[in-house]
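Here are the chains, one letter per residue:
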Amino acid sequence: MQKLDVSMPSSEQRAYNNPAVVFHWLIALFIFMNFSLGIYMETFPKHTPSNDAVLFYHASLGSLVFMSALARLLWRITHRPLPLPSSVSNWQVTASHVLHWTLYILMLTVPLSGFIHRQAGAHAVNFFGLAALPVLVDKNEPLRLFTDTLHETLVWVLAALVLGHLMVALKHRFIDRDGVVERMLRRL
Ligand code: HEM
């Protein structure tokens, strides 16, 4: 990733543009909501009306995360992100690169593993009651069990990395005070 001399910021480099900001905060909100729904869902015994009702919204919102993350990934591949200030060391630039790409992978694999888990259990996934989503796999008990463990594992890896991402943002904001966080906090 390229580095920028903070002493001479150009107007385009001071903030992310609207699509980048909307993608970032909308997906963050959806993931937070669906993480909470997933935890809430687990408080009900399986195959009860309450569990099924929460699962319906959890699966729908999770599918929306997948679609939004796919659109965001296409945007990211076709648009260069803002360079980091020159005060950020090379290893930190590399670490941020690795963290951001891992987050992209998890934004796709967390919902996908839940989606495959449902379909491998012979349950169609309906998007908020509006449309049935495409069937990717047939009933398959080993795959159902595998994706159950995979979904629950990846979700906690995602939670840990989001927490790390938040900690780094707080460091930039309150310790380094280098304007990196403000680029994603600007008004639309
Ligand atoms: C970003 C998207 C998603 C997030 C953050 C998420 C998060 C979670 C969380 C936190 C749990 C509880 C895990 C635990 O208690 O350790 C869970 C369970 C579950 N999720 Fe998701 N999920 C997402 C997408 C999906 C999708 C798209 C589906 C299905 C279409 C799905 C289906 C399930 C199922 C069936 C369970 C219960 C697994 C079991 O206990 O058997 N999830 N999810």
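The shown structure was predicted, so the numbers you read here are calculated from the model rather than taken from an experiment. Starting afresh in each chain, residues are numbered from 1 along the sequence in its written order. Given that this is a predicted model, residues contribute local features only at a pLDDT of at least 70 and side-chain atom pairs are listed and counted only at 80 or more, while totals for whole chains, interfaces and linings are drawn from all residues.

Q: For this particular structure, what's the right way to read the environment of Leu 108?
A: Helix numbering and strand numbering both begin at the N terminus, where a helix is a DSSP run of H or I of at least 4 residues and a strand a DSSP run of E of at least 2. If you trace the backbone, Leu 108 turns up in helix 3 (residues 90-120). Once C-beta atoms have been placed from the backbone, residue pairs whose C-beta atoms lie within 7 Å are recorded as contacts. Ignoring any residue separated from it by four or fewer positions in sequence, one finds Leu 108 in contact with Phe 66, Ala 69 and Leu 70.

Q: Would you take a moment to explain the environment of Lys 46 for this structure?
A: Note that Lys 46 resides in the loop between helix 1 (18-41) and helix 2 (49-78). In this structure, the C-alpha to C-alpha distance between Lys 46 and Glu 152, residues 106 residues apart in sequence, is 15 Å.

Q: Is there a simple way to explain the site of the ligand in this structure?
A: In the vicinity of the ligand, 23 residues are found, and the nearest of them are Gly 38, Ala 59, Gly 62, Pro 111 and Gly 114. Mapped onto the shell around the ligand, the elements with two or more residues apiece are helix 1, helix 2, helix 3 and helix 4 (141-176). Along the lines of polarity and charge, the residues of the shell around the ligand split into eleven nonpolar, eight polar and four charged. Using a C-beta atom placed from the backbone, a residue is scored as near a molecule or strand whenever that atom is within 6 Å of it. Three classes are used, and their members are as follows: Ala, Val, Leu, Ile, Met, Phe, Trp, Tyr, Cys and Pro are nonpolar, Asp, Glu, Lys and Arg are charged, and the others, Gly among them, are polar.

Q: Looking at this structure, I do not really get helix 2. What am I missing?
A: Side chains of residues three or four places apart in an α-helix project in the same direction, reflecting 3.6 residues per turn. Expected span of a helix, by definition, is 1.5 Å for each gap between consecutive residues, and there is one gap fewer than residues. Look at helix 2: 44 Å from first C-alpha to last across 30 residues, which is about the 44 Å you get at 1.5 Å a residue. Backbone-placed C-beta atoms define the burial measure: a residue is buried with 20 or more other C-beta atoms within 10 Å of its own, exposed with 12 or fewer, and partly exposed in between. Residues of helix 2 that are buried: Leu 55, His 58, Ala 59, Gly 62, Ser 63, Val 65, Ala 69 and Arg 72.

Q: Would you explain the packing of helix 1 against helix 2 in this entry?
A: Between two packed helices, the angle of one axis relative to the other and the distance separating the axes together describe the packing. The interhelical angle for the contact between helix 1 and helix 2, taken along N-to-C directions, is 155°, at an axis separation of 9 Å. Here helix 2 runs roughly antiparallel to helix 1, going by the angle between their axes. Note on packing geometry: the crossing formed by helix 1 with helix 2 is left-handed. Of the residues assigned to the contact of helix 1 with helix 2, the class counts are 18 nonpolar, six polar and one charged. Inter-axis angles, ranging from 0 to 180 degrees, are taken between N-to-C directions of lines fitted to C-alpha atoms, where helices are fitted over the stretch in contact. Put simply, angles under 35 degrees are roughly parallel, angles over 145 are roughly antiparallel, angles from 65 to 115 are roughly perpendicular, and the rest are oblique. The hand of a helix crossing depends on one turn: near helix anticlockwise from the far one by less than a right angle means left-handed, and clockwise means right-handed.

Q: I tried to follow unusual backbone geometry on my own but got confused; where do I start?
A: With glycine set apart, most residues show a phi of negative sign, and most peptide bonds adopt trans. Although it is not a glycine, Ala 122 sits at a positive phi angle of roughly 65°. Within the secondary structure layout, Ala 122 lies in the loop between helix 3 and strand 3 (126-127). Classification of Ala 122 by C-beta neighbours within 10 Å gives partly exposed; the count is 13. For Arg 177, which is not glycine, the phi dihedral falls at a positive 50°. Within the secondary structure, Arg 177 is located in the loop between helix 4 and helix 5 (182-185).

Q: I tried to follow the packing of helix 3 against helix 4 on my own but got confused; where do I start?
A: The N-to-C vectors of helix 3 and helix 4 enclose an angle of 150°; their axes lie 8 Å apart at closest approach. Between helix 3 and helix 4, the crossing angle belongs to the class labelled roughly antiparallel. Viewed along their axes, helix 3 and helix 4 form a crossing whose handedness is left-handed. Grouping the constituent residues of the contact of helix 3 with helix 4 by class yields 13 nonpolar, nine polar and two charged.

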